[in-house]
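If you want the building blocks of each chain, they are given just below.
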Amino acid sequence: MIFIICFSAALAFAIGNIFQKQGLHKVRVETSSTFEMIRGTVLNIPWLLGIGLSVFGTLSYYYALAKWPISTVQALLSLNPSLTAILGILILKEFWDKKTMSGIVLVALGVVCVSLDKVDGSSQLGMAFWPVMFIFVSIVLILVLVSWFPKIAKFSQPEIKSNEQIEPRKITKNQEYRRGEYLFSIIAGMGFGISAVFYKAVLIQMNGAELEYSRLDLTSGIMIVFYAISYIIGFFSSQAALSYGRALFVVPFSAAIGSVIPIFCGIITLGEEAGPLKWSGLIIISIALFLFIPRGDFSNIHKE
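Fair warning: this is a prediction, and the values are worked out from it, not measured in the lab. (Residues numbered from 1 in each chain as written. Predicted model: local features only at pLDDT ≥ 70, side-chain atom pairs only at ≥ 80, totals over all residues. Heavy atoms only, no water.)

### Here's the deal with the overall build of the chain
At step 1: Assigned secondary structure in the chain consists of 11 helices and zero strands.
At step 2: For the chain, the N- to C-terminal ordering of α and β elements is α-α-α-α-α-α-α-α-α-α-α.
At step 3: The buried share among the 304 residues of the chain stands at 51%.
At step 4: Look at the contacts in the chain between residues 6 or more apart in sequence, and 85% of them connect residues 24 or more apart.
At step 5: Total accessible area computed for the chain in this model is approximately 15,200 Å², and 68% of it derives from carbon and sulfur atoms. (Helix = DSSP H or I, 4+ residues; strand = E, 2+ residues; numbered from the N terminus. Buried < 20%, exposed > 50% of the residue type's maximum accessible area, 1.4 Å probe, protein only. Contact = heavy atoms within 4.5 Å. Areas by Shrake-Rupley, 256 points an atom, 1.4 Å probe, with all protein chains shown as cover.)

### Quick look at helix 11 (residues 276-291)
At step 1: Compared with an ideal rise of 1.5 Å per residue, which puts 16 residues at 22 Å, helix 11 spans 23 Å between its outermost C-alpha atoms and is within 8% of the ideal.
At step 2: Taken together, the buried positions of helix 11 are Lys278, Gly281, Leu282, Ile285, Ser286, Ala288 and Leu289. End-on view of helix 11: buried residues confined to an arc of 170°, all on one side of the axis. (Expected span 1.5 Å × (residues − 1). Arc of directions from axis to C-beta.)

### A few points about the packing of helix 4 (residues 70-77) against helix 6 (residues 98-116)
At step 1: Helix 6 packs onto helix 4 with a crossing angle of 150° between their chain directions and a minimal axis gap of 9 Å. As far as their axial angle goes, helix 6 and helix 4 are roughly antiparallel. Crossing handedness for the pair helix 4 and helix 6: left-handed. Residues Thr72, Ala75 and Leu76 of helix 4 form the contact with helix 6, whose own contacting residues are Val111, Val114 and Ser115. (Axes fitted to C-alpha atoms, helices over the stretch in contact; angles between N-to-C directions. Parallel < 35°, antiparallel > 145°, perpendicular 65-115°, else oblique. Left-handed = near helix turned anticlockwise from the far one by under 90°.)

### Description of the environment of Asp117
At step 1: Checked against the element boundaries, Asp117 lands in the loop between helix 6 and helix 7 (129-148).
At step 2: By relative accessible area, which is 13% here, Asp117 ends up buried.
At step 3: Taking the C-alpha atoms as reference points, Asp117 and Ala274, 157 residues apart in sequence, are found 8.2 Å from one another.

### Some details on the packing of aromatic side chains
At step 1: For the structure on display, the rule yields 14 aromatic pairs.
At step 2: Ring centres of Phe192 and Tyr231 lie 5.4 Å apart, and the angle between their planes is 70°; this geometry places the pair in the edge-to-face category. Placement of Phe192 in helix 8 (residues 168-205) and of Tyr231 in helix 9 (residues 218-244) is noted, with a sequence separation of 39 residues between them.
At step 3: According to the relative accessible area criterion, Phe192 is partly exposed, its value standing at 29%.
At step 4: By relative accessible area, which is 24% here, Tyr231 ends up partly exposed.
At step 5: Three or more aromatic residues joined by ring pairs form one cluster here, namely Tyr61, Tyr62, Phe192, Tyr199, Tyr227 and Tyr231.
At step 6: Here Lys67 stacks its cationic end above the ring of Trp68, 5.8 Å away from the centre of that ring. (Phe/Tyr/Trp six-rings, centres within 6.5 Å; stacked < 30°, edge-to-face > 60°. Lys NZ or Arg CZ within 6 Å of the ring centre and 35° of its normal.)

### A look at the side chain of Ser78
At step 1: Examined against the element boundaries, Ser78 turns out to sit in the loop between helix 4 and helix 5 (79-90).
At step 2: Residue classification places Ser78 among the buried residues on the basis of a relative accessible area of 0%.
At step 3: A distance of 2.3 Å separates the side chain of Ser78 from the backbone oxygen of Ala75, its partner in a polar contact.
At step 4: Those residues within four positions of Ser78 in sequence are excluded, and the remaining contacts are Val107, Val111, Ser259, Ile285 and Leu289. (Polar contact = N/O pair within 3.5 Å; in protein donor to acceptor, adjacent residues only side chain to side chain.)

### Details of the nonpolar core
At step 1: Counting 72 residues, the largest nonpolar core has Tyr61, Leu65, Val73, Phe129 and Phe198 as the members making the most contacts within it.
At step 2: Beyond its immediate chain neighbours, meaning those up to four positions away, Phe129 contacts Val197, Phe198, Ala201, Met223, Thr269 and Leu270. (Core = buried A, V, L, I, M, F, W, Y, C linked by side-chain atoms within 4.5 Å.)

### Focus: a nonpolar patch on the surface
At step 1: A cluster of nonpolar side chains, Phe3, Ile4, Phe7, Leu11 and Ile15, forms an exposed patch at the surface whose accessible area comes to about 400 Å².
At step 2: Considering the arrangement of structural elements, one finds Ile4 in helix 1 (residues 2-30).
At step 3: On the accessibility criterion, Ile4 (52% relative accessible area) is exposed. (Patch = residues over 30% accessible without salt bridge, like charges linked within 9 Å, V, L, I, M, F, W, Y side chains within 5 Å. Salt bridge = Lys/Arg side-chain N within 4 Å of Asp/Glu carboxyl O.)

### Quick word on helix 3 (residues 45-67)
Turn by turn, an α-helix covers 3.6 residues, leaving residues three or four places apart pointing in a common direction.
At step 1: The end-to-end C-alpha distance of helix 3, which contains 23 residues, comes to 34 Å, matching closely the 33 Å that a straight helix rising 1.5 Å per residue would cover.
At step 2: Residues Trp47, Gly50, Ile51, Ser54, Gly57, Thr58, Ser60, Tyr61, Tyr62, Ala64, Leu65 and Ala66 constitute the buried set of helix 3.

### Description of the environment of Ala288
At step 1: Tracing the backbone through its elements, the reader meets Ala288 in helix 11.
At step 2: Spatially, the C-alpha atom of Ala288 lies 7.2 Å from that of Ile104, the residues being 184 residues apart in sequence.
At step 3: For Ala288, the residues in contact, after removing those within four places along its chain, are Gly103, Leu106 and Val107.

### Remarks on the confidence of the model for the chain
At step 1: When pLDDT is averaged along the chain, the result is 76; 72% of the residues meet or exceed 70.
At step 2: Ranking the elements of the chain by mean pLDDT puts helix 2 (residues 34-42) last, at 60, and helix 3 first, at 90.
At step 3: In this model residues 151-172 is a low-confidence stretch, pLDDT under 50, and it forms 17 contacts with partners more than four residues away in sequence or in other chains.
At step 4: Counting interchain partners and residues more than four positions distant, the pLDDT-below-50 stretch residues 208-214 has six contacts. (pLDDT = per-residue confidence, 0-100.)

### A look at the side chain of Lys278
At step 1: With respect to the element layout, Lys278 can be found in helix 11.
At step 2: When near neighbours in sequence (up to four residues on either side) are disregarded, Lys278 contacts Pro69, Ser71, Thr72, Val114, Asp117 and Glu273.

In C-alpha coordinates:
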(Lines give C-alpha, C1' and ligand atoms only; values in the text may rest on other atoms or scores of the structure.)
Protein backbone atom coordinates (compact mmCIF):
# COMPACT_ATOMS: atom_id res chain seq x y z
CA MET A 1 0.00 0.00 0.00
CA ILE A 2 2.79 2.45 0.88
CA PHE A 3 4.41 1.95 -2.52
CA ILE A 4 1.13 2.52 -4.41
CA ILE A 5 0.38 5.76 -2.54
CA CYS A 6 3.92 7.10 -2.88
CA PHE A 7 4.15 6.15 -6.56
CA SER A 8 0.81 7.89 -7.23
CA ALA A 9 2.11 11.01 -5.49
CA ALA A 10 5.41 10.90 -7.40
CA LEU A 11 3.63 10.47 -10.74
CA ALA A 12 1.23 13.34 -9.97
CA PHE A 13 4.17 15.58 -9.03
CA ALA A 14 6.08 14.61 -12.20
CA ILE A 15 3.19 15.31 -14.59
CA GLY A 16 2.35 18.46 -12.64
CA ASN A 17 5.95 19.67 -12.98
CA ILE A 18 5.76 19.33 -16.77
CA PHE A 19 2.49 21.26 -17.00
CA GLN A 20 3.78 23.99 -14.68
CA LYS A 21 7.01 24.29 -16.66
CA GLN A 22 5.14 24.66 -19.95
CA GLY A 23 2.77 27.25 -18.50
CA LEU A 24 5.45 29.31 -16.76
CA HIS A 25 7.77 29.33 -19.77
CA LYS A 26 4.98 30.62 -22.02
CA VAL A 27 4.05 33.34 -19.54
CA ARG A 28 7.67 34.41 -19.08
CA VAL A 29 8.21 34.73 -22.84
CA GLU A 30 4.99 36.62 -23.56
CA THR A 31 4.97 39.05 -20.62
CA SER A 32 7.24 41.91 -19.65
CA SER A 33 5.97 43.24 -16.29
CA THR A 34 5.54 41.48 -12.96
CA PHE A 35 1.78 42.22 -12.87
CA GLU A 36 1.29 40.77 -16.35
CA MET A 37 3.30 37.69 -15.40
CA ILE A 38 1.19 37.06 -12.27
CA ARG A 39 -2.04 37.61 -14.19
CA GLY A 40 -0.91 35.40 -17.06
CA THR A 41 0.16 32.65 -14.67
CA VAL A 42 -3.12 32.55 -12.75
CA LEU A 43 -5.11 32.37 -16.00
CA ASN A 44 -2.78 29.84 -17.63
CA ILE A 45 -4.51 26.46 -18.18
CA PRO A 46 -1.36 24.24 -18.22
CA TRP A 47 -0.12 25.88 -15.02
CA LEU A 48 -3.50 25.39 -13.31
CA LEU A 49 -3.55 21.72 -14.35
CA GLY A 50 -0.05 21.32 -12.95
CA ILE A 51 -1.06 22.91 -9.66
CA GLY A 52 -4.08 20.61 -9.45
CA LEU A 53 -1.91 17.53 -9.93
CA SER A 54 0.57 18.86 -7.38
CA VAL A 55 -2.26 19.30 -4.85
CA PHE A 56 -3.29 15.67 -5.39
CA GLY A 57 0.33 14.56 -5.00
CA THR A 58 0.73 16.64 -1.85
CA LEU A 59 -2.40 15.17 -0.25
CA SER A 60 -1.25 11.63 -1.06
CA TYR A 61 2.21 12.47 0.28
CA TYR A 62 0.82 13.84 3.55
CA TYR A 63 -1.43 10.81 3.96
CA ALA A 64 1.63 8.58 3.62
CA LEU A 65 3.57 10.71 6.14
CA ALA A 66 0.74 10.28 8.63
CA LYS A 67 0.93 6.49 8.43
CA TRP A 68 4.59 5.59 7.78
CA PRO A 69 8.11 6.85 8.68
CA ILE A 70 9.16 9.99 6.82
CA SER A 71 12.51 8.44 5.87
CA THR A 72 10.72 5.60 4.05
CA VAL A 73 8.04 7.77 2.43
CA GLN A 74 10.55 10.35 1.18
CA ALA A 75 12.78 7.63 -0.25
CA LEU A 76 9.89 6.16 -2.25
CA LEU A 77 8.85 9.64 -3.37
CA SER A 78 12.30 10.09 -4.93
CA LEU A 79 10.75 8.44 -8.00
CA ASN A 80 9.50 11.96 -8.77
CA PRO A 81 12.72 13.25 -10.42
CA SER A 82 13.12 10.02 -12.37
CA LEU A 83 9.61 10.30 -13.77
CA THR A 84 10.05 14.03 -14.39
CA ALA A 85 13.31 13.40 -16.24
CA ILE A 86 11.65 10.79 -18.45
CA LEU A 87 8.70 13.09 -19.20
CA GLY A 88 11.05 16.04 -19.78
CA ILE A 89 12.93 14.03 -22.39
CA LEU A 90 9.81 12.67 -24.10
CA ILE A 91 7.52 15.73 -23.95
CA LEU A 92 9.72 18.83 -23.57
CA LYS A 93 12.54 17.37 -25.71
CA GLU A 94 15.09 18.31 -23.06
CA PHE A 95 18.53 16.77 -23.47
CA TRP A 96 19.76 13.84 -21.41
CA ASP A 97 23.08 12.10 -20.85
CA LYS A 98 24.47 8.92 -19.33
CA LYS A 99 24.38 10.39 -15.81
CA THR A 100 20.66 11.08 -16.12
CA MET A 101 19.93 7.53 -17.20
CA SER A 102 22.22 6.19 -14.46
CA GLY A 103 20.29 8.27 -11.93
CA ILE A 104 16.98 6.80 -13.11
CA VAL A 105 18.30 3.25 -12.73
CA LEU A 106 19.88 3.90 -9.32
CA VAL A 107 16.71 5.52 -7.97
CA ALA A 108 14.73 2.44 -9.01
CA LEU A 109 17.31 0.20 -7.30
CA GLY A 110 17.27 2.29 -4.13
CA VAL A 111 13.48 2.27 -4.00
CA VAL A 112 13.49 -1.52 -4.25
CA CYS A 113 15.93 -1.75 -1.32
CA VAL A 114 13.84 0.60 0.84
CA SER A 115 10.62 -1.22 -0.08
CA LEU A 116 12.08 -4.58 0.96
CA ASP A 117 13.13 -3.24 4.35
CA LYS A 118 10.75 -3.71 7.28
CA VAL A 119 8.59 -0.57 7.72
CA ASP A 120 8.40 0.50 11.35
CA GLY A 121 5.84 3.26 11.90
CA SER A 122 7.28 4.47 15.22
CA SER A 123 8.69 8.00 15.32
CA GLN A 124 9.42 10.32 18.22
CA LEU A 125 10.95 13.74 18.68
CA GLY A 126 14.57 13.53 19.74
CA MET A 127 16.74 16.07 21.51
CA ALA A 128 18.47 16.93 18.24
CA PHE A 129 15.22 18.02 16.56
CA TRP A 130 15.19 21.73 17.35
CA PRO A 131 18.97 22.37 16.98
CA VAL A 132 19.03 20.64 13.59
CA MET A 133 15.86 22.35 12.36
CA PHE A 134 17.15 25.73 13.58
CA ILE A 135 20.21 25.29 11.39
CA PHE A 136 18.14 24.35 8.33
CA VAL A 137 15.66 27.23 8.83
CA SER A 138 18.52 29.73 9.25
CA ILE A 139 20.13 28.57 6.00
CA VAL A 140 16.83 28.96 4.12
CA LEU A 141 16.25 32.47 5.46
CA ILE A 142 19.78 33.49 4.46
CA LEU A 143 19.23 32.10 0.94
CA VAL A 144 15.92 33.96 0.69
CA LEU A 145 17.73 37.19 1.50
CA VAL A 146 20.40 36.33 -1.06
CA SER A 147 17.71 35.81 -3.70
CA TRP A 148 16.38 39.30 -3.00
CA PHE A 149 19.84 40.84 -3.45
CA PRO A 150 21.33 39.36 -6.66
CA LYS A 151 24.76 40.94 -6.22
CA ILE A 152 25.42 38.76 -3.16
CA ALA A 153 24.94 35.53 -5.15
CA LYS A 154 28.19 35.70 -7.10
CA PHE A 155 28.73 31.95 -6.73
CA SER A 156 26.14 31.27 -9.43
CA GLN A 157 27.72 33.36 -12.16
CA PRO A 158 29.12 31.32 -15.07
CA GLU A 159 32.84 31.35 -15.74
CA ILE A 160 33.80 33.09 -18.98
CA LYS A 161 37.13 32.40 -20.62
CA SER A 162 39.20 35.40 -21.64
CA ASN A 163 39.57 34.26 -25.26
CA GLU A 164 35.81 33.90 -25.77
CA GLN A 165 33.94 36.67 -27.50
CA ILE A 166 30.41 36.82 -26.15
CA GLU A 167 27.98 39.68 -26.38
CA PRO A 168 27.68 41.52 -23.03
CA ARG A 169 23.89 41.44 -23.26
CA LYS A 170 23.88 37.68 -23.74
CA ILE A 171 26.24 37.17 -20.80
CA THR A 172 23.92 39.09 -18.50
CA LYS A 173 20.90 37.04 -19.57
CA ASN A 174 22.67 33.70 -19.13
CA GLN A 175 23.94 34.77 -15.72
CA GLU A 176 20.38 35.56 -14.71
CA TYR A 177 19.03 32.19 -15.85
CA ARG A 178 21.85 30.21 -14.25
CA ARG A 179 21.53 32.05 -10.97
CA GLY A 180 17.76 31.57 -11.02
CA GLU A 181 18.06 27.83 -11.63
CA TYR A 182 20.57 27.21 -8.88
CA LEU A 183 19.42 29.59 -6.17
CA PHE A 184 15.67 29.10 -6.38
CA SER A 185 16.04 25.31 -6.77
CA ILE A 186 18.09 25.16 -3.57
CA ILE A 187 15.55 27.27 -1.67
CA ALA A 188 12.63 25.22 -3.06
CA GLY A 189 14.23 21.92 -2.10
CA MET A 190 15.09 23.05 1.40
CA GLY A 191 11.69 24.68 1.89
CA PHE A 192 9.74 21.56 0.92
CA GLY A 193 12.11 19.28 2.85
CA ILE A 194 11.88 21.32 6.04
CA SER A 195 8.09 21.62 5.76
CA ALA A 196 7.80 17.81 5.50
CA VAL A 197 9.84 17.35 8.68
CA PHE A 198 7.74 19.90 10.60
CA TYR A 199 4.54 18.28 9.31
CA LYS A 200 5.68 14.87 10.57
CA ALA A 201 6.75 16.42 13.87
CA VAL A 202 3.28 17.98 14.32
CA LEU A 203 1.68 14.57 13.74
CA ILE A 204 3.94 13.04 16.37
CA GLN A 205 3.22 15.88 18.79
CA MET A 206 -0.54 15.53 18.23
CA ASN A 207 -0.63 11.75 18.68
CA GLY A 208 0.20 10.49 15.19
CA ALA A 209 -2.33 10.49 12.38
CA GLU A 210 -5.23 11.25 14.75
CA LEU A 211 -5.25 15.03 14.56
CA GLU A 212 -6.82 15.86 17.91
CA TYR A 213 -6.88 19.66 17.88
CA SER A 214 -7.59 19.72 21.61
CA ARG A 215 -4.00 18.49 22.07
CA LEU A 216 -2.60 21.51 20.20
CA ASP A 217 -0.07 23.25 22.44
CA LEU A 218 2.46 26.05 22.01
CA THR A 219 5.13 23.70 20.61
CA SER A 220 2.73 22.31 18.01
CA GLY A 221 1.65 25.84 17.12
CA ILE A 222 5.26 26.89 16.52
CA MET A 223 5.81 23.80 14.36
CA ILE A 224 2.72 24.60 12.28
CA VAL A 225 3.94 28.17 11.72
CA PHE A 226 7.37 26.94 10.61
CA TYR A 227 5.69 24.34 8.40
CA ALA A 228 3.52 26.95 6.70
CA ILE A 229 6.36 29.42 6.18
CA SER A 230 8.79 26.83 4.81
CA TYR A 231 6.14 25.36 2.49
CA ILE A 232 5.19 28.78 1.10
CA ILE A 233 8.85 29.61 0.54
CA GLY A 234 9.37 26.25 -1.17
CA PHE A 235 6.33 26.66 -3.43
CA PHE A 236 7.09 30.16 -4.70
CA SER A 237 10.78 29.34 -5.11
CA SER A 238 9.93 26.25 -7.17
CA GLN A 239 7.74 28.34 -9.48
CA ALA A 240 10.51 30.92 -9.84
CA ALA A 241 13.06 28.20 -10.58
CA LEU A 242 10.84 26.59 -13.23
CA SER A 243 10.28 29.97 -14.89
CA TYR A 244 14.05 30.47 -15.19
CA GLY A 245 15.33 27.03 -16.13
CA ARG A 246 14.70 23.52 -17.36
CA ALA A 247 12.44 21.04 -15.61
CA LEU A 248 15.16 18.42 -16.15
CA PHE A 249 17.46 20.50 -13.94
CA VAL A 250 15.15 22.23 -11.47
CA VAL A 251 13.11 19.20 -10.35
CA PRO A 252 16.01 16.76 -9.74
CA PHE A 253 18.16 19.42 -8.09
CA SER A 254 15.43 20.60 -5.70
CA ALA A 255 14.25 17.00 -5.16
CA ALA A 256 17.78 15.92 -4.24
CA ILE A 257 17.92 18.51 -1.48
CA GLY A 258 14.26 18.13 -0.53
CA SER A 259 14.61 14.35 -0.18
CA VAL A 260 17.90 14.15 1.70
CA ILE A 261 16.70 16.53 4.45
CA PRO A 262 13.55 14.54 5.47
CA ILE A 263 15.26 11.15 5.02
CA PHE A 264 18.12 11.83 7.37
CA CYS A 265 16.12 14.07 9.74
CA GLY A 266 13.68 11.19 10.11
CA ILE A 267 16.48 8.92 11.26
CA ILE A 268 18.56 11.43 13.23
CA THR A 269 15.93 13.70 14.84
CA LEU A 270 12.77 11.53 14.83
CA GLY A 271 14.36 8.27 15.94
CA GLU A 272 13.16 6.16 12.99
CA GLU A 273 14.79 2.76 12.65
CA ALA A 274 16.77 1.87 9.55
CA GLY A 275 18.16 -1.59 8.82
CA PRO A 276 21.07 -2.37 6.46
CA LEU A 277 18.74 -2.70 3.48
CA LYS A 278 17.11 0.66 4.14
CA TRP A 279 20.46 2.41 4.69
CA SER A 280 21.74 0.94 1.42
CA GLY A 281 18.67 2.18 -0.41
CA LEU A 282 18.93 5.66 1.11
CA ILE A 283 22.59 6.00 0.15
CA ILE A 284 21.91 4.78 -3.40
CA ILE A 285 18.99 7.20 -3.78
CA SER A 286 21.01 10.15 -2.42
CA ILE A 287 23.79 9.47 -4.93
CA ALA A 288 21.29 8.95 -7.75
CA LEU A 289 19.45 12.22 -7.12
CA PHE A 290 22.62 14.26 -7.51
CA LEU A 291 23.43 12.45 -10.76
CA PHE A 292 20.42 14.21 -12.28
CA ILE A 293 22.09 17.59 -11.82
CA PRO A 294 23.66 18.75 -15.12
CA ARG A 295 27.17 20.16 -15.06
CA GLY A 296 29.25 22.04 -17.55
CA ASP A 297 28.35 24.74 -20.04
CA PHE A 298 25.24 26.74 -19.27
CA SER A 299 25.58 29.23 -22.10
CA ASN A 300 22.45 27.89 -23.73
CA ILE A 301 20.55 27.23 -20.54
CA HIS A 302 17.36 28.86 -21.72
CA LYS A 303 16.47 29.03 -25.36
CA GLU A 304 13.68 31.29 -26.49
